[in-house]
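# Coordinate analysis (summary)
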Amino acid sequence: MNRRRWLTGAAAGALGAMLTACNRLTTNAGVQQTLARAEGLTRRAQRLVVDRKALAQEFAAAEISRDFRANGSISPGDPGYRALVESGFADWRLVIDGLVERPMALSLAQLRSQPARTQITRHDCVEGWSAIGKWSGARLGPLLDKAGLKPQARYIVFHCADTLDPNVSPALGRYYESIDLIDAYHPQTILAYDMNDAPLAVKHGAPLRLRVERQLGYKHAKYLMRIEAVADLAGIGGGQGGFWEDRGYEWYAGI
Ligand SMILES: Nc1nc2c(c(=O)[nH]1)N[C@H]1C(S)=C(S)[C@@H](COP(=O)(O)O)O[C@H]1N2
Ligand SMILES: [Mo]
């Protein structure tokens with residue numbers, strides 16, 4: 001039976017592999033019969049989601065890196081951000097808007113009183129380095145439930161304060177990222193305000209950064225200002241779902 005092979009493809013998480021496996025499946029007469037049954041479809045769809053819901057590995061306190069490298073923007077010069085740093089982020093608010101029933105603007109104190117999670121995880125950057133850190137933050141899922149996603153919402157976009165590429169228009173030069181709802185509701189997806197038991201340092205994205213532990217480093221947007229629920233990613237930045245995606249990186253950077 002090809003079911004085992006199909007599952008191997010799903011576990012690999014590579015869309016290409018899955019599509020290949022699916023094509024192999026749909027040309028098999030026996031499997032075609034199974035697929036014709038709604039139950040079979042549901043089980044396969046479920047299997048896909050279950051794989052995406054698996055937890056990233058967590059580590060012991062003793063394994064936390066002594067020197068967690070900072071990368072990309074480490075001291076944004078954007079005047080709006082500088083002003084926020086000067087005031088100790090007193091005036092900073094996280095806006096949650098777009099396709100939500102109840103748009104919100106949350107202070108750091110309000111975020112700290114939301115359902116939270118602490119986790120020690122490994123950050124993997126495509127540039128070839130990794131580091132283990134301890135992160136505490138508000139779980140994104142419950143926050144989105146509070147805002148009330150509209151049925152058309154399919155992606156969550158993270159708008160950041162920093163301009164990483166000053167040589168293009170602000171819309172293209174500012175950092176941003178996006179994830180789908182499976183990752184948004186993943187239990188380890190948090191808006192982190194603490195790193196290694198201390199408030200997030202500027203170089204690591206103060207006052208708030210995303211941790212989306214099943215994906216590579218560039219998805220973990222720092223300097224969060226606004227979270228927007230959208231139906232599609234066209235029309236945001238360069239349209240590919242993120243600053244680096246607009247420059248050729250994969251949108252789904254699963255690990
Ligand atoms: N706003 C913003 N977020 C960002 C970046 C950035 O330049 N700006 N760099 C990304 C990359 S490539 C990595 S590896 C991590 C680095 O996080 P760190 O500085 O805490 O190590 O942040 C990601 N998020
Ligand atoms: Mo990175």
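First things first, this report covers the structure right here in the doc. Because the structure is predicted, anything quoted here is derived from the model rather than measured.

### Section: helix α7 (residues 140–147)
Of all the residues in α7, the buried ones are Leu140, Gly141, Leu143, Leu144 and Ala147. Around the axis of α7, the buried residues are gathered within 165 degrees of arc, so they sit on the same side.

### As for the pairing of strand β3 (residues 116–125)
Looking at chain direction, β3 and strand β4 (residues 129–139) are connected through 10 bridges and run antiparallel. Following the sheet pairing, Ala116 is matched in β4 by Ala138. Count of turn residues in the β3/β4 antiparallel hairpin: three residues, of which Gly128 carries a positive phi of about 100 degrees.

### Considerations on the site of ligand 1
Around ligand 1 sit 22 residues in total, of which Arg69, Asn71, Asp162, His204 and Lys222 are the nearest. One of the side-chain nitrogen or oxygen atoms of Arg209 is found 3.0 Å away from an oxygen atom of ligand 1. Relative to its unbound accessible surface of 530 Å², ligand 1 loses 99% to contact with the protein. The site holding ligand 1 turns out to be the second largest pocket. Elements represented by at least two residues in the shell around ligand 1 include exactly β3 and β5 (155–163). Partitioning the shell around ligand 1 into residue classes produces 10 nonpolar, seven polar and five charged.

### Observations concerning the packing of aromatic side chains
Taken as a whole and assessed by the stated rule, the structure comprises nine aromatic pairs. Considering the side-chain rings of Phe68 and Trp129, the 6.3 Å spacing of their centres and the 85 degrees angle between planes classify their relative orientation as edge-to-face. One end of the pair, Phe68, is in the loop between α4 (38–53) and α5 (79–86); the other, Trp129, is in strand β4, and 61 residues separate them in sequence. The exposure class of Phe68 is buried, given its relative accessible area of 7%. Seen in terms of ring centroids, Tyr175 and Phe243 are 5.4 Å apart; in terms of plane orientation they differ by 20 degrees. Their pairing is stacked. With Tyr175 in strand β6 (residues 174–180) and Phe243 in the segment after β10 (224–230), the pair connects residues that are 68 residues apart, well separated along the chain. Residues Tyr175 and Phe243 agree in their burial class; the two are buried. Among the aromatic residues, ring-to-ring pairing joins Tyr175, Tyr218, Phe243, Trp244 and Tyr249 into one connected group. Above the face of the Phe243 ring, Arg247 is positioned so that its terminal group lies 3.6 Å from the ring centre.

Reading the values: rules and limits
Residues numbered from 1 in each chain as written. Chains lettered and ligands numbered in written order. Predicted model: local features only at pLDDT ≥ 70, side-chain atom pairs only at ≥ 80, totals over all residues. Heavy atoms only, no water. Buried < 20%, exposed > 50% of the residue type's maximum accessible area, 1.4 Å probe, protein only. Helix = DSSP H or I, 4+ residues; strand = E, 2+ residues; numbered from the N terminus. Arc of directions from axis to C-beta. Pairing = 2+ DSSP bridges. Near = heavy atom within 4 Å. Polar contact = N/O pair within 3.5 Å; in protein donor to acceptor, adjacent residues only side chain to side chain. Areas by Shrake-Rupley, 256 points an atom, 1.4 Å probe, with all protein chains shown as cover. 1 Å grid on protein atoms, 1.4 Å probe; cavity = no way out; pocket = protein on both sides within 12 Å on 5 of 7 lines; lining within 4 Å. Sits in = over half its atoms within 2 Å of the grid points. Nonpolar A, V, L, I, M, F, W, Y, C, P; charged D, E, K, R; others polar. Phe/Tyr/Trp six-rings, centres within 6.5 Å; stacked < 30°, edge-to-face > 60°. Lys NZ or Arg CZ within 6 Å of the ring centre and 35° of its normal.

As far as function goes, none of this settles anything; it's purely spatial.
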